[in-house]
Amino acid sequence: TQRTTLTLTDAASTKPTVTLSCTPSSASEKAGKFTCRLTLSKKTTKDVTAKVSYSGTATAKTDYRGNKATHKIKAGKTSTAWRLVGKADTETEGSETIVIDLDSAINATEKGTQRTTLTLTDAASTKPTVSLSCTPSSASEKAGKFTCGLTLSKETTKDVTAKVVYLGTAIAGT
């Protein structure tokens, strides 16, 4: 006689797993927005409370806001979301990171290690782009004139130098 023992697990009593995600992965400190979400693997009859922590090179309340630590997923729901919003400053500091970790979950289990790293791009250090426009698009070679201008995509506190190269079949001065 052969005998084996089988164990049945009550699926309704098994805790759901919780995951953390944020989009996009990069945004401007000048009002750029991240949407973060905690998602359960299945519905549950109990509220799930999750605590997250924030670290990285960006400083909460100085470089961004919305860093709520405790989040609740109501019974019968499978997710909750919150938004982080960049705060512009005048310091040129380069890109900074926001690291979000899922620290704990009540009535759910963290699926592996839930951590995401976001990049907050520094609005003060982003270089402006230069656009060239000329009018009219054609003119008589007998005393015709073109007016050209350079435009910056945003203000800057530094001087901008642009090199203009002339190409084509017309010869300057002839």
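Shown above is the structure to which this text applies.
Here's what I pulled together on the structure shown here. All values reported here derive from a predicted model rather than from experimental measurement.

Our focus in this paragraph is the sheet that holds strand β8 (residues 96-106). Ordered by their spatial adjacency, five strands build an open sheet running β2-β10-β8-β4-β6, and the pairing between neighbours is mixed. In the strand order of this sheet, the two ends are held by β2 (26-28) and β6 (70-73), each with one partner. Here the strands of the sheet are splayed against their neighbours by 30 degrees on average, with no regard to which way each runs. Judged from the seven bridges that link them, strand β4 (residues 48-55) and β8 form a sheet pairing that is antiparallel. Note that in β8 the partner of K51 across the bridge is S104.

The next subject is a nonpolar patch on the surface. On the surface, V130, L132, L150, L152, V160, V164 and Y166 cluster together to form a nonpolar patch covering roughly 680 Å² of accessible area. Broken down by secondary-structure element, the contributors of at least two residues to the nonpolar patch are β11 (130-135) and β12 (147-152). Mapped onto the elements, L132 comes out in strand β11. Given the relative accessible area of 54%, L132 is considered exposed.

What counts and how
- Residues numbered from 1 in each chain as written.
- Predicted model: local features only at pLDDT ≥ 70, side-chain atom pairs only at ≥ 80, totals over all residues.
- Heavy atoms only, no water.
- Pairing = 2+ DSSP bridges.
- Helix = DSSP H or I, 4+ residues; strand = E, 2+ residues; numbered from the N terminus.
- Axes fitted to C-alpha atoms, helices over the stretch in contact; angles between N-to-C directions.
- Patch = residues over 30% accessible without salt bridge, like charges linked within 9 Å, V, L, I, M, F, W, Y side chains within 5 Å.
- Areas by Shrake-Rupley, 256 points an atom, 1.4 Å probe, with all protein chains shown as cover.
- Salt bridge = Lys/Arg side-chain N within 4 Å of Asp/Glu carboxyl O.
- Buried < 20%, exposed > 50% of the residue type's maximum accessible area, 1.4 Å probe, protein only.

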